[in-house]
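Overview (structure and organization)
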Amino acid sequence: MKSETPTFKQAMLAALPSLRAFALSLSGRADRADDLVQEAVMKAWAKQQDFKLGTNMQAWLVTILRNTYYSQMRKRGREVQDSEGTFTARLSVAPAHDGVMDMADFRRALASLPDDQREALLLVGASGFSYEEAAEICGCAVGTIKSRVSRARSRLQDILKISGPGDFGPDRISAGAVAKAFAE
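A quick note: this is a predicted structure, and the numbers were derived from the prediction, not measured.

1. So, the packing of helix H2 (residues 30-46) against helix H3 (residues 57-78)
Their axes nearest at 9 Å, the elements H2 and H3 cross at an angle of 120°. Looking at the two axes, H2 sits oblique to H3. By crossing handedness, the relation of H2 to H3 is classed as right-handed. Contacts between H2 and H3 involve Arg32, Leu36, Val37, Glu39, Ala40, Lys43 and Ala44 from the first element and Trp60, Leu61, Ile64, Leu65, Thr68, Tyr69, Gln72 and Arg76 from the second. When its residues are assigned to classes, the contact of H2 with H3 shows nine nonpolar, two polar and four charged.

2. Comments concerning the side chain of arginine 148
As for its position among the elements, arginine 148 is in helix H8 (residues 142-160). Of the residues examined, arginine 148 reaches a relative accessible area of 17% and is grouped as buried. Setting aside chain neighbours within four positions, we find arginine 148 in contact with Asp116, Gln117, Ala120, Cys138 and Cys140.

3. Points about the pattern of salt bridges
Any two side chains of opposite charge can pair, on the condition that their charged atoms come close. Counted under the stated rule, the structure contains six salt bridges. Two residues, arginine 20 and aspartate 34, come together in a salt bridge whose shortest N-O distance is 2.5 Å. Separated by 14 residues along the polypeptide, arginine 20 in helix H1 (residues 8-27) and aspartate 34 in helix H2 bring together distant segments of the chain.

Thresholds, definitions, all that
- Along each chain, residues carry numbers from 1 onward, in the same order as the chain's sequence is written.
- In keeping with the predicted nature of the model, local features appear solely for residues at pLDDT of at least 70, side-chain atom pairs appear and are counted solely at 80 or more, and the whole-chain, interface and lining totals rest on all residues.
- Each side-chain value is worked out from all heavy atoms of the structure, with water and hydrogens disregarded.
- Note on geometry: axes are C-alpha line fits, over the in-contact stretch for helices, and angles between N-to-C directions span 0 to 180 degrees.
- Numbering of helices and strands runs from the N terminus, with a helix taken as a DSSP run of H or I at least four residues long and a strand as a DSSP run of E at least two residues long.
- The labels follow the angle: roughly parallel below 35 degrees, roughly antiparallel above 145, roughly perpendicular from 65 to 115, and oblique for the rest.
- By definition, any crossing whose near helix is turned counterclockwise from its far helix by less than a right angle is left-handed, and any crossing with a clockwise turn is right-handed.
- Here, residues are in contact when the closest pair of their heavy atoms is within 4.5 Å.
- Under the scheme applied here, ten amino acids are nonpolar (Ala, Val, Leu, Ile, Met, Phe, Trp, Tyr, Cys and Pro), four are charged (Asp, Glu, Lys and Arg), and all others, including Gly, are polar.
- Each residue is placed in one exposure class: buried if its accessible area under a 1.4 Å probe, protein chains only, is under 20% of its type's maximum, exposed if it is over 50%, and partly exposed if it falls in between.
- Counted as salt bridges are all cases of a side-chain nitrogen of Lys or Arg within 4 Å of a carboxyl oxygen of Asp or Glu.

In short, shape yes, function no, at least from these values alone.
Structure follows, in C-alpha cells:
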C-alpha cells in the first residue's frame with residue numbers, strides 16, 4: 001500500500017516540535033524561540049511554492065529558521081538598545097550644508113593644485129597607494145612622490161586656511177551647541 005504524501009500544511013505542522021527545539025537551542029530563551037519559529041513559519045508559508053512536496057520539510061524549515069536567527073543577530077549587533085530614549089535625546093548632528101560647502105571649497109582647492117601634485121596626493125591620500133606604488137604608477141622616484149604629496153598638502157592648507165586640527169569639524173558656535181547637548 002502506497003503512503004500518501006502529506007499536504008504542505010500537514011508536513012509543516014509535523015515539523016513544528018523539532019523546529020521549536022532547534023530554535024530554543026539557538027536562542028536560549030523560550031520567548032525568542034517562539035518568535036523565531038513563528039517568523040520561520042511565516043516565511044515558509046509565503047514561499048511554499050518553492051517547496052517540493054515529498055522532500056524534507058524539516059530540513060527546509062530549519063534552514064529558514066537558522067538564516068532568520070543569524071540575520072537577527074547581525075542586525076542586533078548594529079543596534080543600540082535605547083528603550084528609554086536616553087541616547088536619542090542626546091544626539092546632535094551638524095547641519096549638512098556646512099559639509100557640502102566645505103567639500104565644494106576642498107574640490108576648488110584641489111583643482112587649483114598643479115597636475116603632478118594633485119595626482120600624487122590623490123594616489124597616496126585618497127586611493128591608498130603606498131609611496132612606492134604611486135611612484136611606479138607615475139614613473140618617478142619615491143622621493144619625488146613624497147615631495148609632491150608634501151607640497152600638495154601644504155598648498156591645500158594654505159588655500160583652505162587650515163592651521164591645525166581645530167580648523168576641522170564644526171565652527172566654534174556649532175561645536176559649543178554639540179558640546180552642550182552631550183553635557184546634559
